[in-house]
Amino acid sequence: MKDRISMARMICVLGMIFVHVPDGLTLSPNYSFSAGNLGFFLEGLLVEGPGRASAALLSVVSGYLAAFALMRSKASVSSLYRRRFVSIVLPMVFWGIVTYFVYLLVSQARPTFVSDAESWLDTLNIIFFITEMPVGATMHLGFLRDLFVCILLAPVLLPAVQRMPWVLLGLLCMFYLFEHNQASVIILRPLVLFAFTIGLTLAVRNVSLTRLDRYCPLFIVLAVASTVAILLVNGGAAEGVVAYFASKGMAFDETVLYPIGRLCGSLAIWTYLPVLMGGAFQQWVLRYSPYLFAAFCSHYLMLTILFFAGWLPLFGDRESDIFIIWFLAAPIVSMGIAVALVHAALKVAPPLATLITGGRVSSPSKSFAPMAQRRSESIA
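Here is a short report on the structure shown in this document. (Residues numbered from 1 in each chain as written. Predicted model: local features only at pLDDT ≥ 70, side-chain atom pairs only at ≥ 80, totals over all residues. Heavy atoms only, no water.)

**Some words on the overall build of the chain**
Each helix and strand in the chain was counted, giving 16 helices and zero strands. Against the compact-globule benchmark of 21 Å for 380 residues, the chain has a radius of gyration of 21 Å, which places it among compact chains. When the backbone C-alpha atoms are referred to their principal axes, the chain occupies close to 55 × 55 × 50 Å. For the chain, buried positions account for 48% of its 380 residues. (Helix = DSSP H or I, 4+ residues; strand = E, 2+ residues; numbered from the N terminus. Rg over C-alpha atoms; globule rule 2.2 N^0.38 Å. Buried < 20%, exposed > 50% of the residue type's maximum accessible area, 1.4 Å probe, protein only.)

Shown next as structure tokens:
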């Protein structure tokens, strides 16, 4: 199960990177059938499909692991807090600060999202996400902020899950479906808390995580169908339904389409993992899992630098016919950059390697440990 969870985390992080691939345009693309070419359609499938579902599955896995950490002993709460602070918060702050200062430098020449900060709180939110998740180059790090808050809430959520799981899940589901505007300072993305609590519930009730594997083909079909539905609605289908939801103060995509897509996509990814077990991909995952967290934290900044310094001058922006090559290569490029950064840090300043990976790589000997040894280490 540890290997399976490791593979799930790898696929989810690589899938999330697809959502953040820089393209040289100011606005995010509207993926649909009504515009673009075959490459654009493939982008849409990856972004609106596994890209959207990955955060949900990662949150479920985090809740599942947190539950077992808490149930091992009553004295484990402080230990859990300490470990997760080192593995989640410190890297988030480090990469947030680095990204902020890089964009602050660029903003001297042209406006960036840093230029929109009008107060000290706006600036602090760019790095710490205290009251909101600003749209910009650090936005993906806000996921880590919410994940750590879930860890802090876990000792309270765990007894509630043990006593009244369906009541709690029902309330959190309603919170997720109808609260999308970051109105809650405690949790900026209700999805993370809801999915995290699902993971707690699965662990507490000792649910078999392989029970649904035989339905993998069905989940794949449903995941593709839900993704196609999102693309259709993005292109103008079901305008009446969208308008009706808007008149009630709700977004049809956030309230209906994305929840269905995330559910089906998460189940499709999870149940497909046994097909990948025992092969070359699993060996690749075991080899590069220590660098995965650094890849997640650094990918947007590193890809943006590489795009504007290399790809854009040579091949152009999204309008280029070969942009799809840059898009598809982005996750692997991000991983390669993360590996290079960690190895450089190990040579220059090993404590820096510990910091940027959240303790997942702490010494040259550990980073190059045999795969069998890393298989037995904690993946939390």
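**Examining the packing of aromatic side chains**
To describe a pair of aromatic rings, you give the distance between the ring centres and the angle between the ring planes. The tally for this structure, following the rule as stated, stands at 20 aromatic pairs. Where F18 meets F327, the ring centres are 5.1 Å apart and the plane angle is 25°; that geometry is what we call stacked. Taken together, the positions of F18 in helix 1 (residues 2-19) and F327 in helix 13 (residues 323-348) put the pair 309 residues apart, joining distant regions of the chain. For the pair F18 and F327, one class covers both residues: buried. Seen from their ring centres, Y100 and F101 are 5.3 Å apart, and the 80° between their planes marks the pair as edge-to-face. One aromatic cluster is present, formed by F307, F308, W311, F315 and W326 through successive ring pairs. Between the NZ or CZ atom of R110 and the centre of the ring of F308, over which it lies, the distance is 5.1 Å. Directly above the ring of F293 sits R360, whose terminal nitrogen or CZ lies 4.0 Å from the centroid. (Phe/Tyr/Trp six-rings, centres within 6.5 Å; stacked < 30°, edge-to-face > 60°. Lys NZ or Arg CZ within 6 Å of the ring centre and 35° of its normal.)

**Considerations on a nonpolar patch on the surface**
Taken together, the side chains of L121, L124, F128 and I130 define a hydrophobic patch exposed on the protein surface, amounting to about 300 Å² of accessible area. Relative to the assigned elements, F128 resides in helix 4 (residues 120-128). A residue is classified by how much of its surface remains accessible, and F128, at 35% relative accessible area, is partly exposed. (Patch = residues over 30% accessible without salt bridge, like charges linked within 9 Å, V, L, I, M, F, W, Y side chains within 5 Å. Areas by Shrake-Rupley, 256 points an atom, 1.4 Å probe, with all protein chains shown as cover. Salt bridge = Lys/Arg side-chain N within 4 Å of Asp/Glu carboxyl O.)

**Considerations on the pattern of salt bridges**
If you walk through the whole model with that rule in mind, you get five salt bridges. For D23, the salt bridge goes to R318, with nearest N and O atoms at 2.9 Å. On the criterion of sequence distance, the pair formed by D23 in the loop between helix 1 and helix 2 (38-72) and R318 in the loop between helix 12 (292-315) and helix 13 is long-range, its members being 295 residues apart. Here D23 falls in the buried class, since its relative accessible area comes to 7%. On the basis of relative accessibility, which here comes to 12%, the residue R318 falls in the buried class. A salt bridge links D146 to R145; its shortest N-O distance comes to 2.9 Å.

**Quick word on the side chain of T255**
Position of T255 among the secondary structure elements: in helix 10 (residues 252-276). For T255, a relative accessible area of 10% gives the class buried.

**Section: the packing of helix 2 against helix 13**
One can describe the packing of helix 2 onto helix 13 by two numbers: an axis separation of 9 Å at closest approach and a directional angle of 20°. On the basis of their axis angle, the class for helix 2 and helix 13 is roughly parallel. The two elements helix 2 and helix 13 meet at a crossing, and its hand is left-handed. Residue-level contacts link G39, L42, E43, L46 and V47 of helix 2 to F323, I324, F327 and L328 of helix 13. Its residues placed into classes, the contact of helix 2 with helix 13 shows seven nonpolar, one polar and one charged. (Axes fitted to C-alpha atoms, helices over the stretch in contact; angles between N-to-C directions. Parallel < 35°, antiparallel > 145°, perpendicular 65-115°, else oblique. Left-handed = near helix turned anticlockwise from the far one by under 90°. Contact = heavy atoms within 4.5 Å. Nonpolar A, V, L, I, M, F, W, Y, C, P; charged D, E, K, R; others polar.)

**Some points on the nonpolar core**
The biggest cluster of nonpolar side chains holds 99 residues, and the ones touching the most others in it are F143, L144, F196, F327 and V342. At 13 residues, helix 2 tops the list of elements feeding residues into this core. Beyond its immediate stretch of four places on either side in the chain, F196 contacts S59, V60, S62, G63, A66, L147, C150, I151, A154 and L157. Grouped together as the second largest cluster of nonpolar side chains are six residues, I230, F245, F252 and Y258 included. (Core = buried A, V, L, I, M, F, W, Y, C linked by side-chain atoms within 4.5 Å.)

**Focus: unusual backbone geometry**
Leaving glycine aside, a negative phi is the common case for residues, and trans is the common case for peptide bonds. Phi is positive for N206, which is not a glycine, with a value near 55°. On the accessibility criterion, N206 (63% relative accessible area) is exposed. At A238, a position not held by glycine, the phi torsion is positive, near 55°. Within the secondary structure, A238 is located in the loop between helix 8 (216-234) and helix 9 (239-247).

**Considering the state of the cysteines**
For the coordinates displayed, the defined rule picks out zero disulfides. Not part of a disulfide, C216 finds its nearest cysteine sulfur in C264, a span of 12 Å. Residue classification places C216 among the buried positions, given a relative accessible area of 9%. No disulfide involves C297; its sulfur sits 16 Å from that of C12, the nearest cysteine. (Disulfide = S-S within 2.5 Å.)

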